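Descriptive structure summary
For reference, the chains in residue letters:
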Amino acid sequence: MVKGFRGTISHFPDFDANSDAETLYNAMKGFGSNKEAILDLITSRSNAQRQEIRSAYKSLYGKDLIDDLKYELTGKFERLIVSLMRPPAYHDAKEIKDAIKGTGTNEKCLIEVLASRTNQQIHGLVEAYKDAYGRDIEGDVIGDTSGHFKKMLIVLLQGTREEDDVVSEDLVVEDAQELYAAGEERWGTDEAKFIMILGNRSVTHLQLVFDEYEKIAEKSIEESIKSELSGDFERLMLAVVQCIRSVPMFFAKCLYKSMKGLGTDDNRLIRIMISRSEIDMLDIRECFRLRYEKSLHSMIQDDTSGEYKRTLLNLCGGDDDLAGEFFPEAAQIAYKMWEISAMTKITLRGTIFPAANFDPASDSQALRKAMKGFGTDEDAIINIVAQRSNAQRQEIRQAFKSLLGRNLMADLKSELSKNLCRLILGLMMTPAEFDAKMMKKAMEGAGTDEHALIEILVTRSNQQIHEMNAAYEEVYKKSLEDDIKSDTSGHFLRILVSLVQGAREEGPADMDRAREDAQALADACNDDSSEMEMKFMSILCTRSFPHLRRVFQEFVRCTNKDVELIIKKEMSGDVKNAMFAIVRSVKNQPSYFADRLYKAMKGLGTDDRALIRIMVSRSECDLFNIRKEFKESHEASLHEFIQVEAFVGDTSGDYRKTLLMLCGGED
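Notes on the structure follow. (Residues numbered from 1 in each chain as written. Predicted model: local features only at pLDDT ≥ 70, side-chain atom pairs only at ≥ 80, totals over all residues. Heavy atoms only, no water.)

When helices and strands are tallied, the protein chain shows 40 helices and 0 strands. Over its C-alpha trace the protein chain gives a radius of gyration of 28 Å, about what one expects of a compact globule, namely 26 Å for 667 residues. In terms of overall dimensions, the protein chain has a C-alpha envelope of 95 × 60 × 60 Å along the principal axes. Within the protein chain, counting contacts between residues at least 6 apart in sequence, those at least 24 apart form 75% of the total. (Helix = DSSP H or I, 4+ residues; strand = E, 2+ residues; numbered from the N terminus. Rg over C-alpha atoms; globule rule 2.2 N^0.38 Å. Contact = heavy atoms within 4.5 Å.)

Written out as structure tokens, the structure is:
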């Protein structure tokens, strides 16, 4: 079936190139320029019509329209308008040229353009580059890149991806097996096999290969790429896979990354808004709303200003409401996302492991020496505590008391201060003691840290919750449930009490029951808010995570809506945050923690309590996976964020060094 037009900019009816050229000339004549007239005209004409206007302008006035626009306009607005006036192939060619000229290379631009373009677009780009710069694009890319990253770029530059929609089932299975054999099944990775298959097979074929791969490897192809490859080559291959799955979703992610945080990547924002405005901007908008629970229009509006903003909003084409309903493209993507989540078995990896040749007596003596006399040797303490597993730290605590007759925790508390003290003491506690302490801290004092309560109770296993309850009662001489009841209220209280029982079902999904649960959630959307929240709680707080993945997938089929958007639209406050956290954890728990870490460090101050809580509690569970998700979502490594973004006040020196050791490395 031929897909209808999905762009936001189309041919202007009753088009007259000479009249438009005259309008632009008059807008730039005299003192100053009429920027509104320029942007309104250019963003309401298709690219083909703009080329006719450019020709008419030269015929009528003997001047180049782009040169005049460059002279009259300035800054980001000028870049955007001038870029709109170039033919698509020449715009891509200039982006590639700018990416590789000078001392540094903009690998993000190379990846984005070459991973997402069709064969026809690649051929046009190669010809335009030769025409505009008198150089061979392949030679320039070869001269500016290296290794497997270079090889894959050159494969993509050939524009020879198969385009036949007729797929051989035997070849699908063979390719999936070869990818598995090239990565997960061997010591080291056969990168050439990944390049050959991902760089040449058709989109339809590869979509089926990825499904088959998940059956063989019990993990998604993305997870394998993250664990087997690294650096720019890893990012390029992930981009190729994302484009095979859904080009609109790929660009929705790129647009979000271009605007989030403290600064805007305007070159990237301009490049995408221009290049997709006549192709699939409507689908990108829907994917954006699906993934980020806000419209692309609203994010552009909040992140830009002036005529630059107006032009981008014209290209965006409109603001999407938050009804949660999708165009077919986005609904299919939402359904597929939950299917991938349900099928994928993620291998969780921590960053802290048991130390070899461990001697608790020796470590105890070294710690005592570090704290004895005038001054404290923080480096010695950090190097021991941050490089032992939690089980080994408990042996050190016992040995310290047995050999020296002293309480290690009390000594550390008296010798260290501020965040370093909190971090080291957190590491020295058992996981259950630490969680109990974090729950207590979240509820004591004048205010309640609801986000901490949600995070801990949503992400811990039944066994971890039972152990935390026991530790809480032992230390504070009262039950955790009672304290929760005295500190919270309403449906939020009921959610927390349900979770603190540690009675979530365990085991695989029951498909018949998943369909029943999905229909029950769908029916609840028509109830009043109180009844709806109770029904969501009864299912989301009790069913196993594997089962909920299938429930949420079937929910899309039942309603043509995604459960995340329904929660955001229909619920509010702490109830919404709790339900949302459950859904995010069910979908991808490392990604949920990556987002929590980002929020803990972004902005003007650092939420050190959240930062310590997550770094300590996840260091032996899945911090390596969290690092990977952080890098993919935020275009900066967790290591870099801790080192640079969190360099505020106490987040420096010994505290920062300990956090970086827990982080385990730079990605």
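Between helix H4 (residues 65-72) and helix H5 (residues 75-84), whose axes approach to 9 Å, the crossing angle comes to 170 degrees. By the criterion of interaxial angle, the relationship of H4 to H5 is roughly antiparallel. Residues Ile66, Leu69 and Lys70 of H4 touch H5, and the partners they reach there are Glu78, Ile81 and Val82. (Axes fitted to C-alpha atoms, helices over the stretch in contact; angles between N-to-C directions. Parallel < 35°, antiparallel > 145°, perpendicular 65-115°, else oblique.)

This part is about helix H3 (residues 47-61). Taking 1.5 Å of rise per residue, 15 residues should cover 21 Å, and H3 covers 21 Å from first to last C-alpha, within 8% of that figure. Looking only at H3, the buried set comprises Asn47, Gln49, Arg50, Ile53, Ala56 and Tyr57. For H3, the arc enclosing every buried residue in end-on projection is 165 degrees, short of the 170-degree limit, so these residues lie on one face. Tucked inside the fold, the buried residues of H3 contact helix H1 (17-28), helix H2 (35-42), H4, H5 and helix H6 (88-100). Note on H3: the residue one or two positions beyond its end, glycine 62, has a positive phi of about 65 degrees. (Expected span 1.5 Å × (residues − 1). Buried < 20%, exposed > 50% of the residue type's maximum accessible area, 1.4 Å probe, protein only. Arc of directions from axis to C-beta.)

What follows concerns the packing of helix H9 (residues 137-144) against helix H10 (residues 147-157). Put simply, H9 and H10 touch, their axes get as near as 10 Å, and they point 170 degrees apart. Considered as vectors, H9 and H10 are oriented roughly antiparallel to each other. Contact with H9, carried on its side by Ile137, Glu138, Val141 and Ile142, involves Lys150, Leu153, Ile154 and Leu157 of H10 and no other residues of that element.

Turning to a negative patch on the surface, a few remarks are in order. A cluster of like negative charges, contributed by Asp523, Asp527, Asp528 and Glu531, occupies part of the molecular surface. With respect to the helices and strands, aspartate 523 occurs in helix H32 (residues 511-524). Judged by relative accessible area, aspartate 523 falls into the partly exposed class, the value being 43%. (Patch = residues over 30% accessible without salt bridge, like charges linked within 9 Å, V, L, I, M, F, W, Y side chains within 5 Å. Areas by Shrake-Rupley, 256 points an atom, 1.4 Å probe, with all protein chains shown as cover. Salt bridge = Lys/Arg side-chain N within 4 Å of Asp/Glu carboxyl O. Lys, Arg positive; Asp, Glu negative; His and termini not counted. Charge placed at Lys NZ, Arg CZ, Asp CG, Glu CD.)

A side chain with one charge may pair with a side chain of the opposite charge, provided their charged atoms come close. Inspection of every chain in the model, using the stated rule, returns 51 salt bridges. When the shortest N-O distance is used, the salt bridge between aspartate 20 and arginine 45 registers 2.6 Å. Pair noted here: aspartate 20 is in helix H1 and arginine 45 is in the loop between H2 and H3, with a separation of 25 residues, a long-range link. Note on accessibility: aspartate 20 and arginine 45 belong to one class, buried. Across the pair glutamate 455 and arginine 596 runs a salt bridge whose closest N-O atoms are separated by 3.3 Å. Of this pair, glutamate 455 sits in helix H28 (residues 450-459) while arginine 596 sits in helix H36 (residues 573-601), placing them 141 residues apart in sequence. Like arginine 596, glutamate 455 is buried. Several salt bridges converge on common partners, so that one network encompasses Glu95, Glu112, Arg268 and Arg271.

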